[in-house]
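# Survey of secondary and tertiary structure
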Amino acid sequence: MQKSFEVENRLGYRILRWILAVALVSGVIVSAIQVVLDAQRVSADLDNQAQQTIAMVRDAATQAVFSIDADLANQVVDGLFAREAVLLAQILHTNGEPLSSRERPKADSAFNPLINAIFDSRRQFTTVLTRSGDPGTVYGHFVVHYDTVPSAHIWLSRAMITFTSVVATAVILGMVLYFVFYMLLTRPLLRIVDSVKQVNPEHPDDRLVVTPTGHEKDELGLWVSATNTLLIAIGDSQKRHREAEDKVSRLARYDQLTGLLSRDSFMELLKADIEESKHNNTLLSVIVCGIDDFKSINDQCGFRTGDFTLQTVADRLISTLSGSRFTIARLGGDQFVITEKGLKDGFQAADTAEAILATVSETMGLEGQSISMTATLGIALYPSDAIQPDRLLQSAEQTMMLAKQKGRDHFQFYVASIDQEIRDRKQLEKDLSEALALNQLYLVYQPQVNLETKRVIGAEALLRWDHPVRGLVPPDYFIPVAENNGSIVEIGQWVLEQACLQARLWADKGLPLRIAVNLSAVQLRQDRIVDDILGTLKRHDIPAGRLELEVTETSFMTNLADAVAKLHTLNRAGISIAVDDFGTGYSSLTYLKKMPVQHLKIDKQFIRDLLVNEEDTRITNTIIDLGRSLNLTVVAEGVETAEQEYYLTQRGCKLAQGYFFSKPLRPADFEAFVQEFHQKTVENDA
Ligand code: C2E
Ligand code: CA
Ligand code: CA
């Protein structure tokens, strides 16, 4: 209950005050009347008693005066003095001489002033003494004084009791009423007040006022239920209000036909998406999608069909492009717009564009009629094409219009060069996906030579793609594509398979060569990679020591612990690990120490300008020294000249490969090369 609600403000307390006041005042008035009446009665009683007493002794007093009998007079007076209230008693002769007289002091009382005021200090009675036979003859006088104090004291104590009981009754009544009032009204009311405070003004009908227990049927219960009825009514009306508001804003925010976002709300979201992309340093694509020849659908089949196709396209876009990175809106007419955020490159936008084209071009049925249509897309990229939302959308719209002039059912990027590049790569991706099945891939082997013994100790397997139209496509071009779309996993497994097959063939022919196979970072990330490699070795019955895996430093970096664990397993099985392109990446000693590495391959870019460029020479020297101190074999790659070979040999580099010895060769050529090379070595030695 609330603190600030002071006790003296409570209704119960005020009632208590009122009752106390009224009970006290009325009690005081009533008791005052009682006391006054009592005082009159006491006063009358006093007189009566005195008269009776006097009447009782009157004859004896008359006899005493008549016969002048002092003894009898004294007897009468003493008899009277037995009464406490008698102050003075005198029997007097007619001349005023006392026959007998006695007096005692008045009793002392603190209430004397009050008593004197009401009852007088004393009551005096004087009786004429006559004989009954002769009432005309006066013999003397009989004087008695009575004290009022004893009677007054009795009266006073009665008055006190009357007053006290009136006050006590008033207080008890007030307290009882206060308590009853508190229990029946104040407490339940305060509970109701608490409950009312919990009511949420936004949603008054969410939490209604609670009726205090036991008050369900009384006035409080009625009040609470009336309040609740009111709250529910207010809540209802608020809800209707909100719904109406929502409807209005939805009408503005959404396209009525398709339920997609309207242009305005799309622009707002685009602005936010651009901010997000800027913050995350990612690309964003805006794809404007125009239905091809929508006008003729409308003309031939009617507006209803036209509306139906637009709704269908909207539904398909929503289901194809699910996920929070997409925003889909209708720009108006037959145009839709899609944004995709969090892109790595334009190729991902091209993937989305292809998905859109595919979903739009699926035939749709309406009333037994089948309708097929296509769309043309214009794509603009943030930040390369524009950085403002309106410019970005404008670029995509323009591109779509341009693309429509060139044909239908295709997409186009805003920048022509990017468009070409992406188109090429898309085509390449498609061709590559078929290359394996169409037998367009094969491996060539480049000999690795021991510089000391001048003997071929192994070969690096390198992938070739003989494209039916383009001819030989360089692996530097298509491997990144395969890595990007994941097909490197399948291709890499095929390479491993081929390399092992070749190693087996050569071993059978008495050529026990170590084959180095390039392992892509994407392959290394696969959970199954270790099992796949070990399984392949086993299947071809190749000792693990015959296989070397070339990995680049970048492959460790995404998930170091995972890469270390996998390479360790492979290494423990006997496979040797070489760090490819060493010196071009981060070349961190920390990695090197953690990795189970046996070989460092100096990249061909350093060997190319060896002895010409000072820095390249220094890097080469450093790598050779590092290999020596870490006990790793160093392989020089891209050796093209005798000078390079001589220098590397002198500097202590153990192995080399390069055009100086041989280009990568087909297996048969490789065998011939080895034979010839060893022949030469033997001749030179001799
Ligand atoms: P890499 O692993 O650094 O391979 C060495 C590249 O240098 C090969 O190019 C090879 O032909 C070339 N090369 C060898 N000696 C010389 C020389 O004396 N002078 C010059 N200028 N070049 C020389 P290639 O075969 O075009 O391969 C390029 C890259 O493609 C490779 O670089 C490797 O990263 C990747 N790659 C090739 N085959 C595979 C494969 O089967 N799997 C994976 N994941 N990547 C591969
Ligand atoms: Ca390599
Ligand atoms: Ca290399």
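The structure presented is a predicted model; accordingly, all values stated were derived computationally and were not measured.

## Comments concerning the coordination of the calcium ion (ligand 3)
Protein coordination of the calcium ion (ligand 3) is provided by Asp581 (OD), Asp603 (OD), Glu637 (OE) and Glu637 (OE), with donor distances spanning 2.0 to 3.0 Å. In terms of primary sequence, the donors binding the calcium ion (ligand 3) are separated according to D-x21-D-x33-E. For the pair the calcium ion (ligand 3) and the calcium ion (ligand 2), the metal-to-metal distance amounts to 5.0 Å. Within this pair, whereas Asp581 is found in strand E17 (residues 576–582), its partner Glu637 is found in strand E19 (residues 633–637), the two being separated by 56 residues in sequence.

## Overview of the coordination of the calcium ion (ligand 2)
Distances from the calcium ion (ligand 2) to its protein donors, Glu460 (OE), Asn518 (OD1), Glu550 (OE) and Asp580 (OD), fall at 2.1 to 2.3 Å. Coordination of the calcium ion (ligand 2) draws on donor residues from a single chain, spaced E-x57-N-x31-E-x29-D in sequence. Judged by its relative accessible area of 30%, Asn518 is partly exposed. We classify Asp580 as buried; its relative accessible area is 8%.

## Overview of the sheet that holds strand E1 (residues 86–93)
Strand order in this open sheet of four strands is E2-E1-E4-E3, and the pairing throughout is antiparallel. Two strands bound the open sheet, and with one partner strand each, they are strand E2 (98–103) and strand E3 (122–131). In this sheet, adjacent strand axes meet at a mean angle of 15° when their direction is disregarded. Bridge analysis of E3 against strand E4 (residues 134–147) gives 10 bridges, and the strand direction is antiparallel.

## Here's the deal with the layout of surface pockets
Estimates place the volume of the largest pocket at around 1,200 Å³. Along the walls of the largest pocket sit 40 residues, with Leu462, Pro475, Asp476, Asn518 and Lys604 positioned nearest its centre. Among the residues making up the lining of the largest pocket, the classes are represented as 17 nonpolar, 10 polar and 13 charged. Taken as a whole, the second largest pocket holds about 230 Å³ of empty space.

## Some details on the UniProt feature "transmembrane region" (unreviewed entry) in the protein chain
Those residues carrying the UniProt feature "transmembrane region" (unreviewed entry) are residues 15–37 and 161–185 in this numbering. In the segment residues 15–37, helix accounts for 100% and strand for 0%; the C-alpha atoms at its two ends are 32 Å apart. Across residues 161–185, helical content stands at 100% and strand content at 0%; the span's end C-alpha atoms are separated by 35 Å.

## A few points about the domain arrangement of the protein chain
Here the domain parsing of the protein chain yields domain 1 (2–171), domain 2 (198–253), domain 3 (256–414) and domain 4 (431–668). Inter-centroid distance (C-alpha atoms) of domain 3 to domain 4 is 45 Å.

## Examining unusual backbone geometry
Outside of glycine, negative phi angles account for most residues, and trans bonds account for most peptide bonds. In this structure, Pro383 follows Tyr382 across a cis peptide bond, with omega equal to 5°. Its place among the elements puts Pro383 in the loop between strand E10 (375–382) and helix H10 (389–406). Positive phi values are uncommon outside glycine, yet Asp120 reaches one of about 70°. Inspection of the secondary structure assignment puts Asp120 in the loop between helix H3 (112–119) and E3.

## Some thoughts on the packing of aromatic side chains
Two aromatic rings are characterised by how far apart their centres lie and by the angle between their planes. Per the stated rule, a full pass over the model turns up 11 aromatic pairs. Here Phe66 and Tyr139 contribute two aromatic rings whose centre-to-centre distance is 5.1 Å and whose plane-to-plane angle is 90°, an arrangement assigned as edge-to-face. With Phe66 in helix H1 (residues 11–66) and Tyr139 in strand E4, this residue pair connects regions lying 73 residues apart in the sequence. The class of Phe66 is partly exposed, set by a relative accessible area of 40%.

## Observations regarding helix H20 (residues 614–629)
Across its 16 residues, H20 extends 22 Å between first and last C-alpha, which sits within 8% of the 22 Å expected from 1.5 Å per residue. Elements that come into contact with the buried residues of H20 comprise E17, helix H18 (589–594), strand E18 (599–602), helix H19 (604–608), E19 and helix H21 (642–651). Sitting at the amino-terminal end of H20 is Asn613, which places a side-chain oxygen 2.7 Å from the backbone nitrogen of Glu615. A positive phi of about 65° marks Asn631, the residue just after H20.

## Let's talk about the environment of Asp108
Looking at the element boundaries, Asp108 is found in the loop between E2 and H3. With relative accessibility at 74%, the residue Asp108 sits in the exposed group. Taking the C-alpha atoms as reference points, Asp108 and Val149, 41 residues apart in sequence, are found 8.2 Å from one another.

## Looking at the pattern of salt bridges
When their charged atoms lie close together, side chains carrying opposite charge are able to pair. Going through the model one piece at a time under the given rule, you end up with 32 salt bridges. A salt bridge links Asp419 to Arg423, with the nearest nitrogen and oxygen atoms 3.0 Å apart. In this pair, Asp419 and Arg423 both sit in helix H11 (residues 416–435), four residues apart, roughly one turn of the helix. Arg514 serves as the salt-bridge partner of Glu548, at 3.4 Å between the closest nitrogen and oxygen. Remark: Arg514 occurs in strand E15 (residues 514–518) and Glu548 occurs in strand E16 (residues 547–552); sequence separation between them is 34 residues. The same class applies to Glu548 and to Arg514, which are both buried.

## Remarks on the UniProt feature "domain: GGDEF" (unreviewed entry) in the protein chain
With numbering aligned to this structure, UniProt lists the feature "domain: GGDEF" (unreviewed entry) at residues 282–416. Strand forms 31% of residues 282–416 and helix 45%; the C-alpha atoms that close the span are 21 Å apart.

## Some details on the pairing of E19
Burial runs high along E19: four of the five residues are buried. For E18 and E19, the ladder comprises four bridges, and the chain directions are parallel. In the sheet register, Leu600 faces E19, and the bridge partner there is Val634. Here E19 runs beside strand E20 (residues 655–657); their pairing, made up of three bridges, is parallel.

## Remarks on the packing of H3 against helix H4 (residues 149–197)
Remark: H3 packs on H4, axes separated minimally by 10 Å, with the N-to-C direction vectors making an angle of 100°. It follows from the interaxial angle that H3 and H4 lie roughly perpendicular. Contacts between H3 and H4 pair Asn112, Leu114, Ile115, Ile118 and Phe119 from the former with Val149, Ala152, His153, Trp155 and Leu156 from the latter. Considering only residue class, the contact of H3 with H4 consists of eight nonpolar, two polar and no charged.

## Quick look at the nonpolar core
Ile515, Val517, Ile533, Leu549, Leu600, Leu648 and Phe670 are the most contacted members of the largest nonpolar core, which totals 77 residues. Counting residues per element, this core draws most heavily on helix H13 (residues 488–508), at eight residues. Not counting residues within four places of it along the chain, the set of residues in contact with Ile515 comprises Tyr445, Ala459, Ala461, Ala499, Ala503, Trp506, Arg546, Leu547 and Glu548. Cys289, Leu310, Phe347 and Ala350 belong to the second-largest nonpolar core, a separate cluster that totals 34 residues.

Rules used in this analysis
Residues numbered from 1 in each chain as written. Chains lettered and ligands numbered in written order. Predicted model: local features only at pLDDT ≥ 70, side-chain atom pairs only at ≥ 80, totals over all residues. Heavy atoms only, no water. Donors = N, O, S within 2.8 Å, 3.2 Å for Na, K, Ca; no water. Helix = DSSP H or I, 4+ residues; strand = E, 2+ residues; numbered from the N terminus. Buried < 20%, exposed > 50% of the residue type's maximum accessible area, 1.4 Å probe, protein only. Pairing = 2+ DSSP bridges. Axes fitted to C-alpha atoms, helices over the stretch in contact; angles between N-to-C directions. 1 Å grid on protein atoms, 1.4 Å probe; cavity = no way out; pocket = protein on both sides within 12 Å on 5 of 7 lines; lining within 4 Å. Points joined across faces, edges and corners; volume = space filled by probe spheres on them. Nonpolar A, V, L, I, M, F, W, Y, C, P; charged D, E, K, R; others polar. UniProt positions renumbered as here; feature names shortened; annotations may be inferred. Domains from an automatic or database assignment. Phe/Tyr/Trp six-rings, centres within 6.5 Å; stacked < 30°, edge-to-face > 60°. Expected span 1.5 Å × (residues − 1). Contact = heavy atoms within 4.5 Å. Polar contact = N/O pair within 3.5 Å; in protein donor to acceptor, adjacent residues only side chain to side chain. Salt bridge = Lys/Arg side-chain N within 4 Å of Asp/Glu carboxyl O. Parallel < 35°, antiparallel > 145°, perpendicular 65-115°, else oblique. Core = buried A, V, L, I, M, F, W, Y, C linked by side-chain atoms within 4.5 Å.

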